[in-house]
Every structure is written in structure tokens, then in C-alpha cells.
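Next come the chains, spelled out residue by residue.
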Amino acid sequence: MSRFNEILTYRIISHFISQSFAIMASDMERLKDAHILSKEGKRILLWIKIQDHPISFLQIRNLFERIFQLEVVYGRIDGIYIVTNRGYSPSSYSFSRLYENRTVNLYLVTASKLVKFGEENSKPIELIAGDQNNKTYIGIFTCKGGVGKTTIAAHFAATLACHSRKVALLDLDPEQNLSKVTKKRLHVEAKKGEKLSIPVFNHQNIKPLEDGDYDVVVCDFSPALERNLKSVVEKLNYVLMPTTLNPLGLNSGGKVIKNSIDEIRTINKECRIFSFINGYQEDKTKRGAMLKEIYVNSLQNIASDDEKFEFVKPQDVCVRYSVLLYYWGMSMYDDTPSTVVFRSSSSCYPKEDYFALCEYIQRSSMLRM
Ligand SMILES: Nc1ncnc2c1ncn2[C@@H]1O[C@H](COP(=O)(O)OP(=O)(O)OP(=O)(O)O)[C@@H](O)[C@H]1O
Ligand SMILES: [Mg+2]
């Protein structure tokens, strides 16, 4: 996908998210450019076709043929939205008005506007990236203390910065650990020889952050949800929920994660929540296998009740235990500026893990990086 198409696709999807749609999947295998969204229990197919000619009759016919295959995987599709940049051929237009009693909504997109096809005089929907409403808020939260939230906030933000995102950190924890370690700026070598620093904003004054030109805001949470700013919890688009793979970390079959999700859901019902394992240590014994099984089984149950919750299996991606991460934060005790434990040009465990985590979340959420 070209950078232009990618940005346009991101803006279109962001618009749907702002209208309270949740993304269930982006299924390129069954139908290229298909995204399955859900809202109030209904499933919507969003098909974004950025191309150099109008949508043809054959493309619409192919789309309708594939809907059946998508329904086998995702369940009944209740509505269809098609968004394209060059319009619709006359036969594709007349053929696509209705599909088996389901409304088909046709849209035309330009670089920054979305309009209903055939109603070009109606008020266009503005698709503007980078303004206040278009920031992506990612919270790092679990109600258990000491599982790595602050460390993850810093290293995930740095990973996004390495992917050329304009990132800010927000320290919501009254303990201010992130602010103390970073001394308000986290330094990152994003590309060889290219140093940048990520600002760390304070929960007591978030106006400069809201006014700033950032794509992504990574928020470090206090484990006591009520100690964090409610207005930020409401804004969250994504939550990363770390857990440790040990008996107390999982606590009676995922109870810690279940409670953490329930707490977030009292304030924000829409955000996508991803849980994953931090501080993972390979354990080939029976005990290790048993803990993995508990993690997968209990979280599978939670995922079946909450379609916006997903857990990352340790064999896919996890953040491994690393001595570098364990000693991160020494800048609190000396005068050195704080950096993350990896450089863009070097290779180490934490870097591999954070890059893999970032890619995993991007793939399943369409978060642009
Ligand atoms: N993957 C890892 N490998 C090794 N040590 C880690 C890893 N992740 C975090 N740590 C260490 O675990 C400790 C707790 O981490 P951190 O302070 O980030 O947790 P927290 O969840 O923010 O805690 P709190 O709830 O107190 O805010 C720190 O000493 C940190 O260095
Ligand atoms: Mg912390």
C-alpha cells in the first residue's frame, strides 16, 4: 500500500472509530481492503478501495460473492459501507444499491473529505489528521502494581517514535515515576545518528498536550483507576494491559485482568484492550505449560464476553524478562538524561519484543505507525 493510501485508509477508519464503531478485523485474505466493524452488536463491512479508476461492476460482484465467506467467519454482516476515491461506474452503482435486504452505503473520499455518493451537495464529513480529536490515546493499565506499566509506557512510546510517529507521554500516576525517571523528556535514538526526545506531560496540566501536534499519546496509569484522570480514561482508544505469567500475576484464572477490564469498562466501553505477558521467562517444565494454559483458557472466556478485548499469546508476542529493563531508570539516581534501553540501530531482546508487540497491535487494530 502506498503511503498516501495508507494515510487515507487510516483517516477513514479513524472516522468510523470516532462514530463508535469498533474494529473486529481487517481481513485481507478473504477480501482485499475489507475491514469488519461492529457497533451495538451489529456487524458492518467497510470496504475501502483507493484506486485509479471508478469501482466496476465486476468488483461489486466479486465483493458480494465474498460476503458469504466473511459471514462464515464473523457472523451475519448487517450493513455495507464502500468508500472509494474515483466514484462508481453506472452499472456498479445500480447493482450495488441493495444486497440481499442490506443497505449498501456508497461514499466518495478525497484527501480530507468523505461524502455520500450521489449526494455530493450534502455536507461533507471532514477527515483531518493530526488535530486534537485525531490523537490516538493508548493507556497502559492494570489494577495490579509493579507489573511493568511505567517501563512499558516509556518503551512502547519510544517504539512508536522509531516508527516516525509524533508521540507524547502522559504521566497520570500521582506517584510520578515516569516523570522522575525521564525528568520530563525521554531520549530516543530513532534512526542511526538521529536523536529525538519524547515530552512527558503531567496529569495536572494536560492543556499543552491537548493543544500539541501529536499523533499518539501514551499514558502511564496508576494501578488505582480512580487516581487517574477520568477525562483521559474516557478518551482512550486502546489499552495495553500487561500481566506476569506467574500464579499471583494471573490470580485465580485471570481475575486480575478481568477486574482491570471491568474497571475500564465502567468509564470507557469502546476502547480496544490488549493483554500480553511482560517479564516472560521461558519455562519448559510442566509448571510453565500449566500457567500458559491457565492464561489462554481464562482469557479466552473473557474475550468471548467482550469483543473489544484481545489477548496476545506468549508464543506470538511477549516482552521477555531482561536485565536491561530491570535496571532501567538509573537516571533517577545520576545526572544522565533518560533514554530507553535500546537504540534504533542496535539489536537486543527488549527492542525485538517491543517492535513485535507494536506490529502485532498495529496489525489487529489498524493503529497507524
Ligand atoms: N520485561 C522486564 N524485564 C525485567 N524487569 C522488568 C521488565 N518490565 C519491568 N521490569 C521491572 O519491574 C519493576 C516494576 O516496573 P514498573 O515500575 O514499570 O511497574 P509499574 O506497573 O509501573 O509499577 P506501579 O504499579 O508501581 O506503577 C521495575 O523494576 C522494572 O525495571
Ligand atoms: Mg508505574
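No experiment lies behind these values; they were computed from the predicted model shown.

Colleague: I'd like a rundown of the overall build of the protein chain, residues and numbers included.
Modeller: When helices and strands are counted, the protein chain shows 11 helices and 17 strands. Taken over the C-alpha trace, the protein chain has a radius of gyration of 22 Å; the compact-globule value for 369 residues is 21 Å, and the two agree within 12%. By its C-alpha atoms, the protein chain is 70 × 45 × 40 Å across when sized along the principal axes.

Colleague: Which residues make up unusual backbone geometry, and what are the values?
Modeller: A positive phi angle is found at Asp33, which is not glycine, with a value near 65°. Turning to its location among the elements, Asp33 is positioned in the loop between β1 (22–26) and β2 (34–39). Backbone geometry at Lys183 places phi at a positive 50°, although glycine is not the residue there. Inspection of the secondary structure puts Lys183 in the loop between α5 (177–182) and β11 (185–191).

Colleague: Could you give me a rundown of the site of ligand 1, with the residues and numbers involved?
Modeller: Around ligand 1, a shell composed of 18 residues is seen, among which Gly145, Gly148, Lys149, Thr150 and Thr151 lie nearest. Residue assignment for the shell around ligand 1 shows that the elements contributing at least two residues are α4 (149–162), β15 (272–280) and α10 (323–326). When residues of the shell around ligand 1 are assigned to their parent elements, the largest contribution, 3 residues, is made by α4. By residue class, the composition of the shell around ligand 1 is 7 nonpolar, 9 polar and 2 charged.

Colleague: Describe the domain arrangement of the protein chain, with residues and values.
Modeller: Many structure descriptions define interface size as the accessible area lost when the parts assemble. Under the domain assignment, the protein chain is made up of domain 1 (3–126) and domain 2 (132–365). Measuring from the centre of the C-alpha atoms in domain 1 to the corresponding centre in domain 2 gives 32 Å. On the side of domain 2, 7 residues touch domain 1, which itself brings 7 residues to the contact. Going through the elements one at a time, α1 (3–18) and β1 are the ones with two or more residues in the side of domain 1 that touches domain 2. Element by element, the count of residues in the side of domain 1 that touches domain 2 is highest for β1, at 3 residues. Classifying every residue of the side of domain 1 that touches domain 2 gives 4 nonpolar, 3 polar and no charged.

Colleague: Can you lay out helix α9 (residues 286–305) for me, pointing to particular residues and giving the numbers?
Modeller: Over its 20 residues, α9 runs 29 Å from end to end, which matches the ideal 28 Å to within 8%, given 1.5 Å per residue. Taken as a whole, α9 has its buried residues at Leu291, Tyr295 and Leu299. The buried residues of α9 occupy one face: seen down the axis, they fall within an arc of 45°. Residues of α9 that are exposed and point over 90 degrees away from its buried face: Lys286, Ala289, Met290, Glu293, Asn297, Gln300, Asn301 and Ser304.

Colleague: Residue-level account of the environment of Val147, with values.
Modeller: By the element assignment, Val147 lies in the loop between β9 (136–140) and α4. Separated by 82 residues in the primary sequence, Val147 and Leu229 place their C-alpha atoms 21 Å from one another. Apart from the residues lying within four places of it in its own chain, the contact partners of Val147 are Thr142, Pro242, Thr243, Thr244, Gly249 and Asn278.

Colleague: For the pairing of strand β12 (residues 194–202), give the residues involved together with the corresponding values.
Modeller: Residues in a regular strand project their side chains so that they alternate between the two faces of the sheet. Across 3 bridges, the pairing between strand β10 (residues 167–171) and β12 is parallel. If you follow Asp171 over to β12, its bridge partner there is Asn202. Across 6 bridges, the pairing between β11 and β12 is antiparallel. Paired with Glu189 across the two strands is Lys195, which belongs to β12.

Colleague: An account of α4 is needed here, citing residue identities and associated values.
Modeller: Relative to the 20 Å expected for 14 residues at 1.5 Å per residue, α4 spans 20 Å between its end C-alpha atoms, a close match to the ideal helical length. With 14 of its 14 residues buried, α4 lies for the most part within the structure. At the C-terminal side of α4, Ser164 shows a positive phi close to 65°.

Colleague: Describe in detail the pairing of strand β7 (residues 113–116), supporting the description with residues and values.
Modeller: Relative to β7, strand β6 (residues 102–109) is paired through 3 bridges, and the arrangement is antiparallel. Within β7, the position partnered with Tyr107 by the bridge is Lys116. Strand direction decides the pairing type here: β7 and strand β8 (residues 125–126), joined by 2 bridges, are antiparallel. Bridging across to β8, Lys113 finds its partner in Glu126.

Colleague: Hey, could you go over the nonpolar core for me, with residue numbers and the actual values?
Modeller: Membership of the largest hydrophobic core comes to 67 residues, with the highest contact counts inside it found for Ala157, Leu169 and Val218. With residues near it in sequence (within four places) discarded, Leu169 still touches Ala153, Ala154, Ala157, Leu178, Leu186, Ile198, Pro199, Val200, Phe201, Val218 and Asp220. Counting residues in each nonpolar core, the second largest holds 27 residues, with Leu8, Leu70, Ile82 and Val83 among its members.

Colleague: Give me the environment of Pro242: which residues, what numbers.
Modeller: For Pro242, the position within the fold is in strand β14 (residues 238–243). Assessed through the 24 C-beta atoms surrounding it within 10 Å, Pro242 is described here as buried. Along the chain, Pro242 and Ile257 lie 15 residues apart, while their C-alpha atoms are 8.7 Å from each other.

Cut-offs and rules
Residue numbering note: each chain is counted from 1, following its sequence as written. Chains carry letters from A onward and ligands carry numbers from 1 onward, assigned in written order. Given that the model is predicted, a residue must reach a pLDDT of at least 70 before its local features are reported, and side-chain atom pairs must reach 80 or more before they are shown or counted; all residues, however, enter totals for whole chains, interfaces and linings. Strands are runs of DSSP state E lasting at least two residues, helices are runs of H or I lasting at least four, and both sets are numbered from the N terminus onward. With C-alpha atoms as the basis for the radius of gyration, the globule rule is written as 2.2 Å multiplied by the number of residues raised to the power 0.38. We call a residue near a molecule or strand when the C-beta position, derived from backbone atoms, sits within 6 Å of it. Here the nonpolar group is Ala, Val, Leu, Ile, Met, Phe, Trp, Tyr, Cys and Pro; Asp, Glu, Lys and Arg are the charged ones; every other residue, Gly included, is treated as polar. Residue ranges labeled as domains rest on an automatic or database domain assignment. A pair of residues counts as a contact when their C-beta atoms, built from backbone coordinates, are separated by no more than 7 Å. Helices are assigned an expected span. That span is 1.5 Å times one less than the residue count. Once C-beta atoms are placed from the backbone, each residue is buried if 20 or more other C-beta atoms lie within 10 Å of its own, exposed if 12 or fewer, and partly exposed for counts between those two. Of all possible arcs, the one meant is that of the directions from the helix axis to the C-beta atoms. DSSP-based pairing: two strands are paired if at least 2 bridges between them are found. Buried Ala, Val, Leu, Ile, Met, Phe, Trp, Tyr and Cys residues form a nonpolar core when they are connected through C-beta atoms within 7 Å.

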